[in-house]
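Chain by chain, the residues run as shown.
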Protein chains: 2
Amino acid sequence: MRVLFTTRRRLLVDSQPRPPALNSLFSLLSPRKYAAETAWRRSSSSILGPDLPDVWNHPSSASPPTLPSPSGNQGDDELNPTIINGKIIAEEIRSGIAAEIRQLKDVSGKVPGLGVVLVGKRRDSQSYIRHKIKDCEEVGITSLLAELPEDSSQDDVLNAVSKFNKDPSVHGILVQLPLPKHIAEEEVLSAINLEKDVDGFHPLNVGNLALRGREPLFIPCAAKACIEILLRYDAELVGKNVAVIGRSRVVGLPTSLLLQRHHATVSVVHAYSKNPEEITREADIVISAAGVPNLVRRNWLKRGAVVIDVGTNPVEDSRSEHGYYLTGDVCYEEALQLVSAITPVPGGVGPVTIAMLLSNTLESAKRTFGLS
Amino acid sequence: MRVLFTTRRRLLVDSQPRPPALNSLFSLLSPRKYAAETAWRRSSSSILGPDLPDVWNHPSSASPPTLPSPSGNQGDDELNPTIINGKIIAEEIRSGIAAEIRQLKDVSGKVPGLGVVLVGKRRDSQSYIRHKIKDCEEVGITSLLAELPEDSSQDDVLNAVSKFNKDPSVHGILVQLPLPKHIAEEEVLSAINLEKDVDGFHPLNVGNLALRGREPLFIPCAAKACIEILLRYDAELVGKNVAVIGRSRVVGLPTSLLLQRHHATVSVVHAYSKNPEEITREADIVISAAGVPNLVRRNWLKRGAVVIDVGTNPVEDSRSEHGYYLTGDVCYEEALQLVSAITPVPGGVGPVTIAMLLSNTLESAKRTFGLS
């Protein structure tokens, strides 16, 4: 048993399988055996959801097929909200990745590589990149940074991507968004080799995520992080009402598609929704990625809901170290009064999202080495 | 002015632009001019929805950005439901397509071609194919039918697709689904040349449909038909609550993605939804494609809702000519008592869907001829 989440009032433990002890005979293992031995990481199929047939009940009955009984979080008279600690989850994932990379290096002499393209001097982008590169180093992923000036041409950016595409030591390519306005984002993202699209933004990856029965090469990191957190929290997803707030390519869209593969009933709320709070108030699970501080107030939430706050909004504050602090989309203090679980900002989805980037890069390298 | 819909109690007229008179000087027109002259057909961008920025209001207010005022259909005290006549809409689209194909033939000596792959003897599939081929003939599209026996191998089916891929007279390829169980549907659909994927099921087309700012080569016909009907009905989509019932690749998934591009607030209800009737009851527009006769009862619908019934369910009936009759997902007589508009089955979405197949095939041919 291990501590999974720290909470203000209690500790949660889980009974998930442990990472296997490092196998000293690793170098003797076949690729298939290797894959089996590193099964501590959640398989793609579990992240993509169970394959269930669409069988409707007899039409005269409106009730759905029999489902496993819901987890008991929602009926509690006394709510005792779990604060889901993303740092601990991320740390655990990173340590699994680090162990696997050490094995990989022993076997093949190679390590995964991540190519990062950063255009311009946006403070938030630079800060994200710093975090990502630091985490890469920590787990043993080599990172290569192509830093381009703000006034780079479209061709300059495409060339940087193309160089990483050709570099066999690079297994994942990350173009930090947003790009300066004069650069056609879609064109740059399309130029990334599909096999190195660790952000999962390529339309073919998005199509394969949308279509049940198909498997994308990569699932966008933030969407994967939301599902990973919910699965670790042991949240039931089948048949649950989920409101996704925001519909970006980075979070809202892929998260809504992934949740549908888990057979949740998904409503996507966005800036043009006429009654966003009415829809989210019906949701068992609320995933917010609108990018608006304190958008989700008390009256947007059902008692007992699980809240995943993907918003990471800088709010200016001269007293803070960097001149700003980060806050989520959800009014945290209000939410605490009625939810059953919530991810804080910072320290919630953010670190898990970066861990998923590392995981996608490792997966990609393993595919290249014939080990996945 | 012209009659657009026949209803039981009233006739609706619309003020959409008319197809331009056939231009006798057509053969002198440049491709660009040609495209402009055939603008009677709705442009892809209008089917794909307006490009609106995601600007959330100030967080303390839950209300969305200012929107155009809603159409007045829903507040009527006396409901006077419009029966949307898909046959008339389809006829109008077909006659536009036929005129354009005549022009195309005059200019280039060529006509669009549709390759159809039919495996086995399913009665419903044979009937669909008959309708599609008849409609092709009517508008001047050449159809080529590859009929394969039920026990064909995967390779036989792939060969049929490959032949159509290579045939320059074929601009669209349609594999009639479902395929026999021993054939891997995904593999067959993936084999269709992306430029000939008139059904729009290729993951790259689905990804480009999901991602705002991108344009798929083809939009799945039933989804396109639903939007075409709603746009002709002058239904407001921005900010409206839409419930999509069913999540198939053929209808539910692409329709939900397309509606999101029109800035509707979309909830996707499916066989595992715990309270489908509660969600659909909140919807201004209900699009049902579950394949279950009479699934949607009176208590699933809000007063004044617009109902698009994509279900086409054969119900055995020895008194019917073919041994069965067709019925939709929606309990029609119950719905009539409270909706503001509804598509009947048959004669609603079905004919418009086939018209969209013809339209996709023509678009594809025009792309090949450099005329789009």
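Up top is the structure these notes are about.
First things first, this report covers the structure right here in the doc. (Residues numbered from 1 in each chain as written. Chains lettered and ligands numbered in written order. Predicted model: local features only at pLDDT ≥ 70, side-chain atom pairs only at ≥ 80, totals over all residues. Heavy atoms only, no water.)

Moving on, we get to the sheet that holds strand 4 (residues 113–119) of chain B. Residues and elements named next belong to chain B. Spatially, three strands are ordered 5-4-6 in an open sheet, and the strand pairing comes out parallel. Every interior strand has two partners, whereas the edge strands, strand 5 (142–148) and strand 6 (172–175), have only one. With strand direction ignored, the average angle separating the axes of adjacent strands in the sheet is 15°. Bridge analysis of strand 4 against strand 5 gives seven bridges, and the strand direction is parallel. The partner of G113 across the bridge, within strand 5, is T142. (Pairing = 2+ DSSP bridges. Helix = DSSP H or I, 4+ residues; strand = E, 2+ residues; numbered from the N terminus. Axes fitted to C-alpha atoms, helices over the stretch in contact; angles between N-to-C directions.)

In this section: the packing of aromatic side chains. We describe a pair of aromatic rings using the distance from one ring centre to the other and the angle between the two ring planes. Scanning the entire structure with this criterion turns up zero aromatic pairs over all chains. One residue, R367 of chain A, lies across the ring of F218 of chain A, its end atom 4.8 Å from the ring centre. (Phe/Tyr/Trp six-rings, centres within 6.5 Å; stacked < 30°, edge-to-face > 60°. Lys NZ or Arg CZ within 6 Å of the ring centre and 35° of its normal.)

Another aspect to go through is a negative patch on the surface. A contiguous patch of negative charge, built from E150, D151, D155, D156 and E187 of chain A, is present on the exposed surface. Within the element layout of this structure, D151 of chain A appears in the loop between strand 5 (142–148) and helix 5 (154–166). (Patch = residues over 30% accessible without salt bridge, like charges linked within 9 Å, V, L, I, M, F, W, Y side chains within 5 Å. Areas by Shrake-Rupley, 256 points an atom, 1.4 Å probe, with all protein chains shown as cover. Salt bridge = Lys/Arg side-chain N within 4 Å of Asp/Glu carboxyl O. Lys, Arg positive; Asp, Glu negative; His and termini not counted. Charge placed at Lys NZ, Arg CZ, Asp CG, Glu CD.)

Attention now moves to the interface of chain A and chain B. Contacts between the two partners involve 60 residues from chain A, matched on the other side by 60 residues from chain B. When the buried surface of chain A facing chain B is broken down by residue, W56, Y272 and K274 of chain A rank first, second and third, together holding 17% of it. For the interface between chain A and chain B, the tally reads 17 residue pairs in polar contact (both at pLDDT 80 or more). At the level of elements, helix 6 (185–191), helix 7 (203–210), strand 7 (241–245), helix 9 (252–261), strand 8 (265–269) and helix 10 (276–280) of chain A are the ones that each hand at least two residues to the side of chain A that touches chain B. Broken down by element, the side of chain A that touches chain B gets its largest block of residues, six residues, from helix 7 of chain A. Of the residues assigned to the side of chain A that touches chain B, the class counts are 32 nonpolar, 17 polar and 11 charged. (Contact = heavy atoms within 4.5 Å. Buried area = accessible area lost by both parts, 1.4 Å probe. Polar contact = N/O pair within 3.5 Å; in protein donor to acceptor, adjacent residues only side chain to side chain. Nonpolar A, V, L, I, M, F, W, Y, C, P; charged D, E, K, R; others polar.)

This brings us to the nonpolar core. If you look at the biggest cluster of nonpolar residues, it comprises 126 residues, and the most contacted ones within it are L259 of chain A together with L259 of chain B. When sequence neighbours within four positions are dropped, the list of residues in contact with L259 of chain A reads I227, L230, L237, V242, V244, A264, V266 and I287 of chain A. (Core = buried A, V, L, I, M, F, W, Y, C linked by side-chain atoms within 4.5 Å. Buried < 20%, exposed > 50% of the residue type's maximum accessible area, 1.4 Å probe, protein only.)

Each of the two copies of the chain can be brought onto the other by a rotation about an axis and a shift along it. By a simple turn and slide, chain A fits onto chain B: the slide is 0.0 Å along the axis, the RMSD is 0.0 Å, and the turn is 180°. One copy is carried onto the other by what is essentially a two-fold rotation axis. Take the interface residues of chain A: 100% of them recur as interface residues in chain B, which is what a same-surface contact looks like. (Least-squares fit on C-alpha atoms with pLDDT ≥ 70 in both.)

Attention shifts here to the sheet that holds strand 4 (residues 113–119) of chain A. Residues and elements named next belong to chain A. The strand order across the open sheet formed by three strands is 5-4-6, and the pairing between neighbours is parallel. Strands with a single pairing partner mark the edges of an open sheet, and in this sheet they are strand 5 and strand 6 (172–175). Averaged over all neighbouring strand pairs, the angle between strand axes comes to 15°, with direction disregarded.

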